[in-house]
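Okay, here's what each chain looks like letter by letter:
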Amino acid sequence: CFQKCEHCRRMGATIPCRAAGCPHLYHFPCAAASGCFQSVKTLRLLCPEHVAEAMQMEDARCSVCDGPGDLRDLVFCTSCGQHYHGACLDITLTPCKRSGWQCPECKVCQTCRQPGEDSMMLVCEACDKGYHTFCMEPAIEGLPADSWKCKNCRVCSDCGRRPAGLDPGCQWYRSYSVCEGCQQRRAAEGAHGAPTHAPPTDPPTQTLAAPNCSEPTDVPVPPPEPEPVGCNEEMQPGGNPEEAPPGDGEAPPCEPTPVEELPLDELPLDEPPLDELPPEEPPPDELPPKEPLPSEPPSEEDP
């Protein structure tokens, strides 16, 4: 019981290799998993290093092709002791499949331990063990179309958890290699992480705000020009306030007040320009009466 297994490296190995001078020891399931040749008739075991010596044994033959073929490709049925080539059964042999493997004639459901009902038998692609669909919890209506893995072989490739650490009703995806939670996370990352190519936007154009308007107009800004004469609201010389256009009485902003121009032949010639008019004088009616000047003697200096 203090011997170490050559396959799992744990103590308790009791089955030795029968090749002369070989120190390898195995547990029974580990011997099958490692690819050792086991003979039920002779109760001998040969490790993978000495499997060529099995050619001398009479049971070193495949039950399908009835030949030795590649001895490393032989798998041992733990129920009947027959050997089968993995190529003859169209299965890829792995340590998981070799350990506790059962041939098609001996395969039983791992839940009820009963054979039969082959049409309702699910076979795990990882360990090649069988399960009745009606023995599953919850029961499965029919055989799945794609590959299937049992609960002992399901391991999430993202989080590394097994069914024992998940909700019993957890769904599996991608050939039972991704759990439900990780599949939802993948879908969310795919939705938000996809790059979105937005169309290039035009450079912002400068807007010229119209005077006394609430909304800007999207027109290019012209180069600054000198302000037109007459933008103020004061009447220009010669203007007539009574001839302003009808409306609210105010000229539109930034527009010169219209000034009537008289033809040259109609201009009054006897009137001085407006700029040279003398200050207004009261009408003659309102002028104070002139007082007579006192008579002064003529000065001597006057001629």
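For the structure given in this document, a descriptive report is provided here. Since the model is a prediction, treat every value here as computed from it, not as a measurement. For every chain, the first residue of the written sequence is number 1, and numbering continues from 1 onward in sequence order. Reporting in this predicted model follows two pLDDT cut-offs: at least 70 for local features of residues, and 80 or more for side-chain atom pairs to be given and counted; totals over whole chains, interfaces and linings ignore these cut-offs and use all residues. To get the side-chain values, all heavy atoms of the structure are used, and hydrogens and water are removed first.

## Points about the overall build of the chain
Rules: Here a strand is any run of E in DSSP of at least two residues, a helix any run of H or I of at least four, and the numbering for each starts at the N terminus. Here the term buried applies to any residue with accessible area under 20% of the maximum for its type, exposed to any over 50%, and partly exposed to those in between, with areas from a 1.4 Å probe on protein chains only. Accessible surface is estimated by sampling points in the Shrake-Rupley manner with a 1.4 Å probe; for residues, cover comes only from the protein chains shown.
A count of helical and extended segments in the chain gives four helices and 10 strands. The order of α-helices and β-strands along the chain, N terminus first, is β-β-α-β-β-β-β-α-α-β-β-β-β-α. Considering the chain as a whole, with its 303 residues, one finds that 26% of them fall into the buried category. Accessible area of the chain: about 22400 Å², with a carbon and sulfur share of 54%.

## Considering the layout of surface pockets
Stated formally: Buried and open spaces are told apart on a 1 Å grid over the protein atoms alone, a cavity being a set of points where a 1.4 Å probe fits but cannot get out and a pocket being an open set with protein on both sides within 12 Å along at least five of seven lines. Residues with an atom within 4 Å of a point are the lining residues. Grid points are joined across faces, edges and corners, and a volume is the space filled by probe spheres set on the points. We call Asp, Glu, Lys and Arg charged. Ala, Val, Leu, Ile, Met, Phe, Trp, Tyr, Cys and Pro are nonpolar, and the rest, Gly among them, are polar. Note that domain bounds follow an automatic or database assignment of domains.
Of the voids in this model, the largest pocket is the one considered here, and its volume is about 660 Å³. Partitioned by chemical class, the residues of the lining of the largest pocket number 15 nonpolar, four polar and four charged. Each of two domains, domain 2 (107-147) and domain 3 (154-189), supplies a minimum of three residues to the lining of the largest pocket.

## Some details on the pattern of salt bridges
So the rule is basically this: The working definition used for a salt bridge is a side-chain nitrogen of Lys or Arg within 4 Å of a carboxyl oxygen of Asp or Glu.
Inspection of every chain in the model, using the stated rule, returns five salt bridges. For Lys 107, the salt bridge goes to Asp 128, with nearest N and O atoms at 3.5 Å. With Lys 107 in the loop between helix H3 (95-98) and strand E7 (121-123) and Asp 128 in the loop between E7 and strand E8 (130-132), this residue pair connects regions lying 21 residues apart in the sequence. The same class applies to Lys 107 and to Asp 128, which are both buried. With a shortest N-O distance of 2.8 Å, Asp 158 and Arg 186 are connected by a salt bridge. Of this pair, Asp 158 sits in the loop between E8 and strand E9 (172-173) while Arg 186 sits in helix H4 (residues 180-193), placing them 28 residues apart in sequence. Looking at Arg 186, the relative accessible area reads 29%, which means it is partly exposed.

## Here we look at the packing of aromatic side chains
A ring pair, where both rings are aromatic, is described by two values, the distance of the centres and the angle of the planes. Keep this limit in mind: Each Phe, Tyr or Trp ring, with Trp reduced to its six-membered ring, pairs with another whose centre is within 6.5 Å; inter-plane angles below 30 degrees give stacked pairs, above 60 give edge-to-face pairs, and intermediate values give tilted ones.
Counted by the stated rule, this structure contains two aromatic pairs. Judged by centre distance (5.6 Å) and plane angle (65°), the ring pair of Tyr 84 and Trp 101 falls under edge-to-face. Here Trp 101 lies in the loop between H3 and E7 and Tyr 84 lies in strand E6 (residues 83-85), a separation of 17 residues in the sequence. Assessed through its relative accessible area of 8%, Tyr 84 is described here as buried. Seen in terms of ring centroids, Tyr 131 and Trp 148 are 5.8 Å apart; in terms of plane orientation they differ by 70°. Their pairing is edge-to-face. Residue Tyr 131 is located in strand E8, and its partner Trp 148 is located in the loop between E8 and E9; the two are separated by 17 residues in the primary sequence. Considered together, Tyr 131 and Trp 148 belong to a single accessibility category, that of buried residues.

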